[in-house]
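Reading the structure
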Amino acid sequence: FNSQFGRDLAGFFARKVQKMKEENNMDAIDIAYWLAFTRRPTEKQKARAERFLFEQSQRYSFEGGMKTRDMKALTDFCLVLLNSNEFLYLD
């Protein structure tokens, strides 16, 4: 899933999360978890996700603006969810 195909899927996923966030005024992390796992994140997962999104957005240059940086970070987060055991394997 770390191929270009996987990144493309994560990009589509991130755009869907962003659209739902704007339409429903909800948190992107909650939406992403719900779409991926049909559940809300735990408090610990949410805190880690917030830290991950912040740190990832800081890794990208300011070229394209803050919105572009945030979307790239959200795409990275969605890729993490798509690569997680919970998404890949049935329990």
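Treat the numbers as computed from the prediction; the structure is a model and nothing was measured.

Of all ten residues in helix H2 (residues 28-37), eight are buried; the element is thus mostly enclosed. Looking at H2, one finds that the buried residues are Ala-28, Ile-29, Asp-30, Ile-31, Ala-32, Tyr-33, Ala-36 and Phe-37. Next to the buried residues of H2 lie helix H1 (4-24), helix H3 (43-59), helix H4 (66-82) and helix H5 (85-88). One side-chain oxygen of the residue at the start of H2 lies 3.0 Å from the amide nitrogen of Ile-29, identifying that residue as Asp-27. In the stretch just after H2, Thr-38 is the one whose phi turns positive, near 55°.

Going through the model one piece at a time under the given rule, you end up with three aromatic pairs. Judged by centre distance (6.3 Å) and plane angle (40°), the rings of Tyr-33 and Phe-77 are tilted. You can see Tyr-33 sitting in helix H2 and its partner Phe-77 sitting in helix H4, a full 44 residues away along the chain. The pair formed by Tyr-33 and Phe-77 is uniform in burial state, with each residue classed as buried. A ring pair is formed by Phe-52 and Phe-77, whose centres lie 6.3 Å apart and whose planes are at 45°; its orientation type is tilted. Linking Phe-52 in helix H3 with Phe-77 in helix H4, this pair joins segments that are 25 residues apart in sequence. Looking at Phe-52, the relative accessible area reads 25%, which means it is partly exposed.

Let us look at the packing of H1 against H4. Running from amino to carboxyl end, H1 crosses H4 at an angle of 115°, the nearest separation of the two axes being 8 Å. The way H1 lies across H4 gives a crossing that is right-handed. Across from Gly-6, Arg-7, Leu-9, Ala-10, Gly-11, Phe-13, Ala-14, Arg-15, Val-17, Gln-18 and Glu-22 in H1, the residues of H4 making contact are Lys-67, Met-71, Leu-74, Thr-75, Asp-76, Cys-78, Leu-79, Leu-81 and Leu-82. A per-class count over the contact of H1 with H4 returns eleven nonpolar, four polar and five charged.

Backbone geometry places Asn-25, a non-glycine residue, at a positive phi of 50°. Its location among the elements puts Asn-25 in the loop between H1 and H2. For Thr-38, which is not glycine, the phi torsion reads 55° and is therefore positive. Examined against the element boundaries, Thr-38 turns out to sit in the loop between H2 and H3. Looking at Thr-38, the relative accessible area reads 57%, which means it is exposed.

So, how was this worked out
Residues numbered from 1 in each chain as written. Predicted model: local features only at pLDDT ≥ 70, side-chain atom pairs only at ≥ 80, totals over all residues. Heavy atoms only, no water. Buried < 20%, exposed > 50% of the residue type's maximum accessible area, 1.4 Å probe, protein only. Helix = DSSP H or I, 4+ residues; strand = E, 2+ residues; numbered from the N terminus. Contact = heavy atoms within 4.5 Å. Polar contact = N/O pair within 3.5 Å; in protein donor to acceptor, adjacent residues only side chain to side chain. Phe/Tyr/Trp six-rings, centres within 6.5 Å; stacked < 30°, edge-to-face > 60°. Axes fitted to C-alpha atoms, helices over the stretch in contact; angles between N-to-C directions. Left-handed = near helix turned anticlockwise from the far one by under 90°. Nonpolar A, V, L, I, M, F, W, Y, C, P; charged D, E, K, R; others polar.

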